[in-house]
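# Structural features, examined
Below are the chains, spelled out letter by letter.
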Amino acid sequence: MAQNAYQYSTAAEALPLTQPKTRIKYKAARWTRKERLMVVFVSAVIMVLMVGVVFSSMQTNAARSSAATMQTKTDTTKETNNALRSDIQNKTSKQNLSEVAKKYNMTLSDGNVRNINQ
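Residues numbered from 1 in each chain as written. Predicted model: local features only at pLDDT ≥ 70, side-chain atom pairs only at ≥ 80, totals over all residues. Heavy atoms only, no water.

## Notes on the pattern of salt bridges
Within this structure, the stated rule accounts for one salt bridge. Between Asp-87 and Lys-91 there is a salt bridge, with the nearest N and O atoms lying 3.6 Å from each other. Placement of the pair is Asp-87 and Lys-91 together in helix α2 (residues 33-91), with a separation of four residues, close to one helical turn. Its relative accessible area of 34% is what places Asp-87 among the partly exposed residues. We classify Lys-91 as exposed; its relative accessible area is 52%. (Salt bridge = Lys/Arg side-chain N within 4 Å of Asp/Glu carboxyl O. Helix = DSSP H or I, 4+ residues; strand = E, 2+ residues; numbered from the N terminus. Buried < 20%, exposed > 50% of the residue type's maximum accessible area, 1.4 Å probe, protein only.)

Okay, here's the thing in structure tokens:
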């Protein structure tokens, strides 16, 4: 075993020192016309996609705000309609008609009243 280690160490010492590597400078390759056109095309596609995303985002926000505005208008109209319905029911109730008739010295005869809701 010791002999093998001795052989390896002498073999490693016997290797000549490597000289420092010199760097070779290469010139950058020129782009072909196809490569330039491809870069321009890809850049244009990316730009169109970016503009499209911003545009669609703006349209979505505008539609959302418009829907919210319409919802508030619908809610206020429903509340107004409900208030008017209850007012109509109060004014057309039999008790209110009797009070109004009494106020103006009128009499209400059930034979002359027709139900228009049916």
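Moving on, there is more to tell.
## Some thoughts on the UniProt feature "transmembrane region" (unreviewed entry) in the chain
Here, UniProt's "transmembrane region" (unreviewed entry) annotation points to residues 37-58. Note that residues 37-58 is 100% helix and 0% strand, and that its end C-alpha atoms are spaced 32 Å apart. (UniProt positions renumbered as here; feature names shortened; annotations may be inferred.)

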